[in-house]
Amino acid sequence: LAKTTQPISMDSYEGQEVNITCSHNNIATNDYITWYQQFPSQGPRFIIQGYKTKVTNEVASLFIPADRKSSTLSLPRVSLSDTAVYYCLVGKGQTGANNLFFGTGTRLTVIP
Amino acid sequence: IAGITQAPTSQILAAGRRMTLRCTQDMRHNAMYWYRQDLGLGLRLIHYSNTAGTTGKGEVPDGYSVSRANTDDFPLTLASAVPSQTSVYFCASSDKGGPNNEQFFGPGTRLTVL
């Protein structure tokens, strides 16, 4: 089962680009990489998902190197409202939920 | 559209009491999940259900039970609550089971066991 390792916390100033890296050395062939965002007193919400190379949506970009043993969530020009905990989730691309490990996430604090 | 609702919002419970946390979704999702979130430990999966009529154990199932009698509801029961079950509980659902599928989370239930 592919568990993940992320930095516990990060600080950034408003307007900067933030990159959060997740290590998943035991990632399997069928595993996808998914990132969630959680604001205080709320449940997590899906941000982005990828399998390889680069994925971009209106919120973030996800960079995955060829060996797929790590991934980087990139948030462009962060604002105060991006202060949240970000979770990297890795698991098999097949039906089955007993391999869901969110871990402790990365607490991002955006400073004015 | 409500999405996922959880009840109660918060509860203080005496140790040894029985408690059921309710979770309902209106998205006709096949899969549902229960997580607990504790400071320093992140989100941990308690139980899950890939489809109505089936359930499975997650990472921390001891002391909890679930049922999935229909598609919409997925109650979590603590048969005899203990203080270590003090936590914030999140219910989630997804179209299909597994981490490849986007999960939608409820607002959470804050439970304190004294």
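Positions within a chain are numbered from 1, following the residues in the order the chain's sequence is written. Each chain gets a letter, beginning with A, and each ligand a number, beginning with 1, in the order they are written. Reporting of local features is limited, given that this is a predicted model, to residues whose pLDDT is at least 70; pairs of side-chain atoms are given and counted only at 80 or more, and all residues count toward the totals for whole chains, interfaces and linings. The basis for every side-chain value is the complete set of non-hydrogen atoms in the structure, without hydrogens or water.

Enquirer: Even after reading the chapter, I still don't get the interface of chain A and chain B, so can you show me in this structure?
Expert: A common way to report how large an interface is uses the accessible area buried once the components associate. Working rule for contacts: check all heavy atoms of both residues, and any pair within 4.5 Å makes them a contact. Opposite the 26 residues of chain A that make contact, chain B presents 23 residues. When the two sides are added together, the surface that chain A and chain B hide from each other amounts to roughly 1900 Å², 57% of it contributed by carbon and sulfur. Any Lys or Arg side-chain nitrogen located within 4 Å of an Asp or Glu carboxyl oxygen qualifies as a salt bridge. The interface formed by chain A and chain B holds zero salt bridges in total. The term polar contact refers here to a pair of N or O atoms within 3.5 Å; inside protein, the definition further demands a hydrogen-donor-capable atom paired with an acceptor-capable atom, and it admits residues adjacent in sequence only when both atoms are side-chain atoms. Applying the counting criterion to the chain A and chain B interface returns three residue pairs in polar contact (both at pLDDT 80 or more). In this description, buried area is defined as the sum, over both parts, of the accessible area (probe of 1.4 Å) that is lost when the two are combined.

Enquirer: What's the story with the sheet that holds strand β1 (residues 4-7) of chain B in this structure? I'm lost.
Expert: Think of a sheet as strands paired side by side through backbone hydrogen bonds, with each pair either parallel or antiparallel. With respect to topology, four strands assemble into an open sheet ordered β1-β3-β8-β7 (chain B), the strand pairing being antiparallel. Looking along the sheet, the strands with just one partner apiece sit at the ends: β1 and β7 (65-66) of chain B. By definition, two strands form a pair when at least two bridges between them are found by DSSP. Here a strand is any run of E in DSSP of at least two residues, a helix any run of H or I of at least four, and the numbering for each starts at the N terminus.

Enquirer: Would you explain the state of the cysteines in this entry?
Expert: Should the sulfur atoms of two cysteines be covalently bonded, the bond is a disulfide. Residue and element names in this part refer to chain A. The term disulfide is used for any two cysteine sulfur atoms that are within 2.5 Å. For the structure on display, the rule yields two disulfides over all chains. Sulfur-sulfur distance for the disulfide between Cys22 and Cys88 comes to 2.2 Å. Its torsion about the S-S bond being -80 degrees, the disulfide of Cys22 and Cys88 is classed as left-handed. On the criterion of sequence distance, the pair formed by Cys22 in strand β2 (residues 18-23) and Cys88 in strand β8 (residues 84-92) is long-range, its members being 66 residues apart. Each residue's exposure class comes from its accessible area (1.4 Å probe, protein chains only) as a fraction of the maximum for that residue type: buried when under 20%, exposed when over 50%, partly exposed otherwise. Take Cys88: its relative accessible area is 0%, and that puts it in the buried class.

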